[in-house]
Amino acid sequence: MEMQYRVSRTEDSSPCPIPGLAADILHMRVKEGSKIRNLLRFATARMQGEGKDGNGTSLRQVVFTGSGRGVTKTITCVEILKRKVGGLHQVSKLHYRTVNEVWESPQQGSPDITMQRTVPAICILLSKDPLDPQEPGYQPPQTPTEDPRGPTSTRGPDWPDYLVQ
């Protein structure tokens, strides 16, 4: 089997499947190689008002998108931002994107190979303003007492007392 090298990779520019997005919304495109700390530093500053928009106000909404191997990193960024900023409404949409790749062989005269793949993608809207709770994929903000990791106590109700110090 001969070695192939990827020459180019293009994704279709399908719009985010969330209806009614403003044209000037902050759009964070998360890729496989993106650094979470850099994405979050920028998004947090804009959402908390340190980075003002053109009118001098902080942003009310941000959209995170990722595809392929960037989907898990996209979800991680959103969950961390929800904890940092707090009170954010969320709408998540899954869809598929088409990726075209061109591969070539180092041997002279070998034809290039073009592959078309369909990869999963996610689009997540976070908003300080209330969103439509009837929209599929909607999640309300977490209350301050609600912790997704469960209670802070490490012992269950059936733990013996001699294990508790």
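A brief look at the structure comes next. (Residues numbered from 1 in each chain as written. Predicted model: local features only at pLDDT ≥ 70, side-chain atom pairs only at ≥ 80, totals over all residues. Heavy atoms only, no water.)

## Here's the deal with the overall build of the chain
Argument step 1. Each helix and strand counted, the chain has 2 helices and 6 strands in total.
Argument step 2. Secondary structure elements in the chain, listed N-terminal to C-terminal, are β-β-α-β-α-β-β-β.
Argument step 3. Relative to its full complement of 165 residues, the chain shows a buried share of 30%.
Argument step 4. Nonlocal contacts in the chain, meaning residues at least 24 apart in sequence, comprise 75% of its contacts between residues at least 6 apart. (Helix = DSSP H or I, 4+ residues; strand = E, 2+ residues; numbered from the N terminus. Buried < 20%, exposed > 50% of the residue type's maximum accessible area, 1.4 Å probe, protein only. Contact = heavy atoms within 4.5 Å.)

## What about the pattern of salt bridges?
Pairs may arise between side chains of opposite charge once their charged atoms sit close together.
Argument step 1. Summed over the entire model, instances satisfying the criterion amount to 6 salt bridges.
Argument step 2. The salt bridge partner of K93 is E135, with a shortest N-O separation of 2.7 Å. Taken as a pair, K93 in strand β4 (residues 89–104) and E135 in the loop between β5 (113–127) and β6 (138–139) lie far apart in primary sequence, 42 residues in all.
Argument step 3. Taking the relative accessible area as the measure of exposure, K93 reaches 14% and is therefore buried.
Argument step 4. For E135, a relative accessible area of 21% puts it in the partly exposed group.
Argument step 5. Residues E101 and R117 are paired through a salt bridge, measuring 3.1 Å at the closest nitrogen-oxygen approach. Taken together, the residues E101 in strand β4 and R117 in strand β5 connect sequence positions 16 residues apart.
Argument step 6. The class for E101 is buried, based on a relative accessible area of 4%. (Salt bridge = Lys/Arg side-chain N within 4 Å of Asp/Glu carboxyl O.)

## Digging into the packing of helix α1 (residues 36–47) against helix α2 (residues 71–85)
Argument step 1. Close contact between α1 and α2 brings their axes to 10 Å; oriented N to C, the two are set at 40°. When the interaxial angle is binned, α1 and α2 end up oblique. Judged by the sense of rotation from one axis to the other, the crossing of α1 with α2 is right-handed. Contact residues: I36, L39, L40, A43, T44 and M47 in α1; K73, T76, C77, I80, L81, K84 and V85 in α2.
Argument step 2. Within the contact of α1 with α2, the residues separate by chemical class into 9 nonpolar, 2 polar and 2 charged. (Axes fitted to C-alpha atoms, helices over the stretch in contact; angles between N-to-C directions. Parallel < 35°, antiparallel > 145°, perpendicular 65-115°, else oblique. Left-handed = near helix turned anticlockwise from the far one by under 90°. Nonpolar A, V, L, I, M, F, W, Y, C, P; charged D, E, K, R; others polar.)

## A word on α2
It helps to recall that an α-helix has 3.6 residues per turn; residues three or four apart then point in one direction.
Argument step 1. Taking 1.5 Å of rise per residue, the 15 residues of α2 would be expected to cover 21 Å, and the 21 Å separating its terminal C-alpha atoms lies within 8% of that figure.
Argument step 2. Taken as a whole, α2 has its buried residues at V71, T74, C77, V78, L81 and K82. Taken down its axis, α2 places every buried residue within 130° of arc, on the same side. Facing away from the buried surface of α2 by more than 90 degrees, the exposed residues are T72 and R83.
Argument step 3. Structurally, α2 contributes buried residues whose contacts are with β2 (26–30), α1, β3 (61–67), β4, β5 and β6.
Argument step 4. Remark: G86 follows α2 within two positions and exhibits a positive phi of approximately 75°. (Expected span 1.5 Å × (residues − 1). Arc of directions from axis to C-beta.)

## Observations regarding α1
Argument step 1. Look at α1: 16 Å from first C-alpha to last across 12 residues, which is about the 16 Å you get at 1.5 Å a residue.
Argument step 2. Contacts made by the buried residues of α1 are with β2, β3 and α2.
Argument step 3. Just past α1, the residue G49 takes up positive phi, approximately 95°.

## Focus: the state of the cysteines
Linking two cysteines covalently through their sulfur atoms gives a disulfide.
Argument step 1. Across all of its chains, the model carries 1 disulfide by this definition.
Argument step 2. With a sulfur-sulfur separation of 1.7 Å, C16 is cross-linked through a disulfide to C123. Judged by the sign of its S-S torsion, about -90°, the cystine formed by C16 and C123 is left-handed. Of this pair, C16 sits in the loop between β1 (5–11) and β2 while C123 sits in strand β5, and the two are 107 residues apart along the sequence. (Disulfide = S-S within 2.5 Å.)

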